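Overview (structure and organization)
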Amino acid sequence: MTTQGTSTPTEKKVLHQPLLGSRRFSNYWWATVISVGATGFLLAGFSSYLQINLLPFASPTDLIFVPQGLVMGLYGTAGLLLALYLWLVILWDVGGGYNEFSYKTGKARIFRWGFPGKNRQIDLSYPLTDVQAVGVTIREGINPERKIYLRVKGKGNIPLTRVGQPLSLSKLENEAAQLARFLDIPLEGL
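The structure presented is a predicted model; accordingly, all values stated were derived computationally and were not measured.

**As for helix H4 (residues 169–183)**
The terminal C-alpha atoms of H4, which comprises 15 residues, lie 21 Å apart, in line with the 21 Å expected from a rise of 1.5 Å per residue. The set of residues buried in H4 consists of Leu172, Ala176, Leu179, Ala180, Phe182 and Leu183. The buried residues of H4 occupy an angular sector of 165° when projected down its axis, which confines them to one face. Opposite its buried face, H4 presents the exposed residues Asn174 and Arg181, each directed more than 90 degrees away.

Spelled out as structure tokens, the structure:
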């Protein structure tokens, strides 16, 4: 029998923390904007070459193909290649994954998606008994850094937070404290 307000590790069971990867609004926004803009540039280049107006809101047939139309076509091609890259990164959900801490299996698991190929998945697993502390790194300035990490025996610091826009200080503190309480280990860096 347990008392109210306390719990044993077997009652806690599993803490699962999903992480947003490249499928965030800003990436969808920029992929769309670049796709539309690059298509406009490419159509302007083709219109200049063919002397047929392919853009109903402009008259790119007035452009001289060499050098203006050619440069517009090159900008459009470069933009579409960049947009293709962004759409593929979104499709593959690069950086997405989860952190899972399970008393059922006795493991801490850090999983992330990467680029297709030999190392598409990053899947790290450590015994909970090897996890020594939850740490927080806070650095302000031009390039702020706010990270939560696990200090694992013999492995060093394993980052847990997503890449991109830094977490707010309150969210960072709450997530780190929740994880330290769940694992019943010290919290460092706050």
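**Brief notes about the side chain of Ser35**
Mapped onto the elements, Ser35 comes out in helix H2 (residues 25–50). Classification of Ser35 by relative accessible area gives buried; the value is 18%. Among the polar contacts listed, one links the side chain of Ser35 to the side chain of Trp87, at a separation of 3.0 Å.

**Focus on the environment of Asn174**
Along the chain, Asn174 turns up in helix H4. With a relative accessible area of 53%, Asn174 lands in the exposed category.

**As for the environment of Ile122**
With respect to the element layout, Ile122 can be found in strand S4 (residues 121–127). Judged by relative accessible area, Ile122 falls into the partly exposed class, the value being 42%. Along the sequence, Ile122 and Gly97 sit 25 residues apart, while their C-alpha atoms lie 9.1 Å from each other. Discounting chain neighbours no more than four positions away, the residues touching Ile122 are Ile110, Phe111 and Arg112.

Rules of the game
Residues numbered from 1 in each chain as written. Predicted model: local features only at pLDDT ≥ 70, side-chain atom pairs only at ≥ 80, totals over all residues. Heavy atoms only, no water. Helix = DSSP H or I, 4+ residues; strand = E, 2+ residues; numbered from the N terminus. Expected span 1.5 Å × (residues − 1). Buried < 20%, exposed > 50% of the residue type's maximum accessible area, 1.4 Å probe, protein only. Arc of directions from axis to C-beta. Polar contact = N/O pair within 3.5 Å; in protein donor to acceptor, adjacent residues only side chain to side chain. Contact = heavy atoms within 4.5 Å.

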